[in-house]
Amino acid sequence: MRILVTGGAGYIGSHFARMVSKSNDEVIVADNLSRGHQESIPDGVQFKNVDIRDAEKISEVIRKYSPEAVVHFAAFAYVEESVEHPELYYQNNVVGSYNLIRAASENKVKYFVFSSTCSVYGNPGKVPISEEAQTNPINPYANTKLIIEMMLKDFQSAYGMKYVSLRYFNAAGADDSGEIGESHNPEPHLIPIVLEAANGKREKVSVFGNDYNTPDGTCIRDYIHVNDLSNAHVKALEHLSSGNESTIINLGTGSGNSVMEIIKTAEKVTGKNILFGIAKRRKGDPAILVADNTKALKILNWKPKYTIDDIIRTAWRWHQNPKY
């Protein structure tokens, strides 16, 4: 299968591109490198420096390569930034995705796999969270992802392009090789922040609230390894190419770890003492976000393999010697 991977120089996109490039699939990465790293693109993979906001150029890429499938990772994904600069998020995520979806549909792309987010659920009333839970985004970033999901549904109804939207929980970890990993500036995610404290690049970790209704008072999140996520995208393409219907699927492990559990596990893995301080709660942070992954297990025949120890171990290997 010929696959166009948008955002393939980014964190999750590069791991997916690396995974499928090892198979017989032909991979083309499209990325504007505004937040990705060209060094993370696997050797032998074709690369096009293109911005999905440029409708003519992304359409040109699709016409040139005629991919059977598009796997769409290209998005801005900082919640706080989306609140401060919503126009940036609607322009890049929504308008850019519209350009891509339109071009894919017009050029008869058969399958579309979309990198969505559990943020579309907002503050859920029940956990674990199933796909039937009400969507109620509470920030512009999550709004943009839900709009794209709606767009895919409408384009399929009108033009027939099948899709799978994968709602991630907390992506984490790095490739076992240590050659690619998670690198953001600024870094918004807990596990890299904890590991920066472990290797002396950060003085301490801020724990935002210790009075939640959880066993140790800190927030609980469902952390899923980036390679497990990548494998789910492969399974989603197999699902569509086997003639199955479009669908929306949660990707998580089905269990969670608190902030303090992450810090303690990181201390065990790294052998380092990690300093932390209690800070005020962040506005809008739910106490617990954990996936009901029953649908992924059943529909995609997918099961996460990496434990939380594996996630932190692979991330630590990357953080000790980052390549970019």
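For the structure given in this document, a descriptive report is provided here.

The rules we used
Residues numbered from 1 in each chain as written. Predicted model: local features only at pLDDT ≥ 70, side-chain atom pairs only at ≥ 80, totals over all residues. Heavy atoms only, no water. Buried < 20%, exposed > 50% of the residue type's maximum accessible area, 1.4 Å probe, protein only. Helix = DSSP H or I, 4+ residues; strand = E, 2+ residues; numbered from the N terminus. Pairing = 2+ DSSP bridges. Right-handed = clockwise from strand over helix to strand, strands pointing away. 1 Å grid on protein atoms, 1.4 Å probe; cavity = no way out; pocket = protein on both sides within 12 Å on 5 of 7 lines; lining within 4 Å. Points joined across faces, edges and corners; volume = space filled by probe spheres on them. Nonpolar A, V, L, I, M, F, W, Y, C, P; charged D, E, K, R; others polar. Phe/Tyr/Trp six-rings, centres within 6.5 Å; stacked < 30°, edge-to-face > 60°. Lys NZ or Arg CZ within 6 Å of the ring centre and 35° of its normal. Core = buried A, V, L, I, M, F, W, Y, C linked by side-chain atoms within 4.5 Å. Contact = heavy atoms within 4.5 Å.

Focus: the pairing of strand β2 (residues 26-31)
Consideration 1: β2 sits mainly inside the fold: five of its six residues count as buried.
Consideration 2: Pairing analysis gives five bridges linking strand β1 (residues 2-6) to β2, with the strands arranged parallel. Its bridge partner being in β2, R2 is matched across the sheet by E26.
Consideration 3: Handedness of the β-α-β unit built from β1, helix α1 (residues 11-21) and β2 comes out right-handed.
Consideration 4: For β2 and strand β3 (residues 46-49), the ladder comprises four bridges, and the chain directions are parallel. When the bridges of β3 are listed, V29 appears paired with F47.

Observations concerning empty space enclosed by the protein
Consideration 1: In the structure shown here, the tally under the stated rule is one cavity of 30 Å³ or more.
Consideration 2: Estimated volume of the largest cavity: approximately 40 Å³.
Consideration 3: Forming the boundary of the largest cavity are G173, A174, E182, I191, P192, A315, W318 and H319.
Consideration 4: Breaking the lining of the largest cavity down by element, the ones donating at least two residues are α6 (190-198) and α10 (308-320).
Consideration 5: Residue classes in the lining of the largest cavity are distributed as five nonpolar, two polar and one charged.

Quick look at the packing of aromatic side chains
Consideration 1: Under the criterion given, the structure shown has five aromatic pairs.
Consideration 2: Arranged with centres 5.7 Å apart and planes meeting at 45 degrees, the rings of F16 and F73 form a pair that is tilted. Pair noted here: F16 is in helix α1 and F73 is in the loop between β4 (69-72) and α3 (79-84), with a separation of 57 residues, a long-range link. Residue F16 shares its accessibility class with F73, and that shared class is buried.
Consideration 3: The lysine or arginine in question, R35, covers the ring of F76, its NZ or CZ lying 3.9 Å from the ring centre.

Section: the nonpolar core
Consideration 1: In this structure, I12, F16, L166, L237 and L251 are the most contacted members of the largest nonpolar core, which totals 34 residues.
Consideration 2: Breaking this core down by element, the ones donating at least two residues are β1, α1, β2, β4, β5 (111-117), β6 (162-168), α7 (226-241) and β11 (247-251).
Consideration 3: For this core, the element with the most residues is α7, which contributes seven residues.
Consideration 4: Setting aside residues no more than four positions away along its own chain, I12 makes contact with F73, Y168, A171, V226, L229 and S230.

Some remarks on unusual backbone geometry
Consideration 1: Of the consecutive residues V127 and P128, the connecting peptide bond is found in the cis state with omega at -5 degrees.
Consideration 2: Along the polypeptide, P128 turns up in the loop between β5 and α5 (140-159).
Consideration 3: For the bond from N185 to P186, the omega torsion is 5 degrees, close enough to zero to count as cis.
Consideration 4: Looking at the secondary structure, you find P186 in the loop between β7 (170-172) and α6.
Consideration 5: In the Ramachandran plot, S66 falls in the positive-phi region, its phi being about 45 degrees despite a non-glycine side chain.
Consideration 6: Assignment of secondary structure puts S66 in the loop between α2 (55-65) and β4.
Consideration 7: Here S66 falls in the partly exposed class, since its relative accessible area comes to 42%.
Consideration 8: We note that K108 has phi near 60 degrees; this positive angle belongs to a residue other than glycine.

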